[in-house]
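Chain and residue survey
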Amino acid sequence: QDGQVVPVSLTPWQKVQPKQVVYASDEFRTGRKSRLRILFEDSSLMALGPNSRMTIASYLFDAKEKLRQGVISIGHGISMYIVNKEQKHPKSHLKILSPTANVAARGTQGYLSISQLKTLVANQAGLVRALNADPAVIGDVMVGPMMKSVIEEGKPPTEPVALTGP
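What comes next concerns the included structure.

Each value, and the rule that gives it
Residues numbered from 1 in each chain as written. Predicted model: local features only at pLDDT ≥ 70, side-chain atom pairs only at ≥ 80, totals over all residues. Heavy atoms only, no water. Core = buried A, V, L, I, M, F, W, Y, C linked by side-chain atoms within 4.5 Å. Buried < 20%, exposed > 50% of the residue type's maximum accessible area, 1.4 Å probe, protein only. Helix = DSSP H or I, 4+ residues; strand = E, 2+ residues; numbered from the N terminus. Patch = residues over 30% accessible without salt bridge, like charges linked within 9 Å, V, L, I, M, F, W, Y side chains within 5 Å. Areas by Shrake-Rupley, 256 points an atom, 1.4 Å probe, with all protein chains shown as cover. Salt bridge = Lys/Arg side-chain N within 4 Å of Asp/Glu carboxyl O. Lys, Arg positive; Asp, Glu negative; His and termini not counted. Charge placed at Lys NZ, Arg CZ, Asp CG, Glu CD. Contact = heavy atoms within 4.5 Å. Polar contact = N/O pair within 3.5 Å; in protein donor to acceptor, adjacent residues only side chain to side chain. Pairing = 2+ DSSP bridges.

Here's the deal with the nonpolar core
- If you look at the biggest cluster of nonpolar residues, it comprises 25 residues, and the most contacted ones within it are M46, M54, I74, Y81, L112 and V121.
- For this core, the element with the most residues is strand β5 (residues 67-83), which contributes four residues.

As structure tokens, then:
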């Protein structure tokens, strides 16, 4: 407004405490020498490496119904996922969103490397479905055990190749 300075109030970051309760919409970031592990009620796990940022967009768990529905958004960095396969409800899912990818995981584990322009999915066990975060980009792949795929901005995921390959 005509050269005026408008103060902006931002909530300061707080250091995570061991066994701290986590809520939907919580946002986490790690420094250049830090790591973070989040264990969910269904025994699924997300771990963040250094210089990473993640938000729990939504999370629902009903042990009796064996239902888990979660959406996790990772802005950048390296993360590891272990998604418990005990949640056998047909509507159970865990979606991991990045700037370029939408990854659906169920009963699997692996790693993600995320930047603004591309996401690498390195899956170790089970299957994950990977597609571009932009719904206008057509194409999806199933990334199986010990396979990897790259999802770049504006492009469908690459065909999965062996983790040990080039």
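Brief notes about a positive patch on the surface
- Together, K66, K85, K88 and R106 make up a region of like positive charge exposed at the surface.
- Mapping K85 onto the fold places it in the loop between β5 and β6 (93-97).

Points about the pattern of salt bridges
- Within this structure, the stated rule accounts for four salt bridges.
- Its salt-bridge partner being R53, residue E27 comes within 2.7 Å of it at the nearest N-O pair. Taken together, the positions of E27 in strand β1 (residues 27-29) and R53 in strand β4 (residues 53-62) put the pair 26 residues apart, joining distant regions of the chain.
- For K155, the salt bridge goes to E152, with nearest N and O atoms at 3.9 Å.
- Given the relative accessible area of 32%, E152 is considered partly exposed.

Some points on the environment of G107
- Positionally, G107 belongs in the loop between β7 (101-105) and β8 (108-114).
- Among the residues examined, G107 registers a relative accessible area of 22% and is labelled partly exposed.
- In the structure, G107 is positioned 70 residues away from R37 in sequence and 18 Å away in space, judged by C-alpha atoms.
- Excluding its chain neighbours within four sequence positions, the residues that come into contact with G107 are V83, N84, K85, A125 and G126.

Thoughts on the side chain of T30
- As for its placement among the helices and strands, T30 is situated in the loop between β1 and β2 (36-39).
- Overall, T30 belongs to the buried group, its relative accessible area being 9%.
- A polar contact of 2.5 Å, which involves the side chain of T30, links it to the backbone oxygen of G49.
- A distance of 3.2 Å separates the side chain of T30 from the backbone nitrogen of N51, its partner in a polar contact.
- Every residue in contact with T30, bar those within four places of it in the chain, is listed here: R35, L36, L48, G49, P50, N51 and S52.

A short note on the pairing of strand β9 (residues 118-125)
- Bridging between β8 and β9 involves six bridges; their strand directions are antiparallel. Across the sheet, S113 pairs through a bridge with L120, a residue of β9.
- Two successive antiparallel strands, β8 and β9, enclose a turn made up of three residues.
- In this structure, β9 lies alongside strand β12 (residues 147-152), joined through six bridges in antiparallel fashion.

Worth remembering: the numbers are spatial, not functional.
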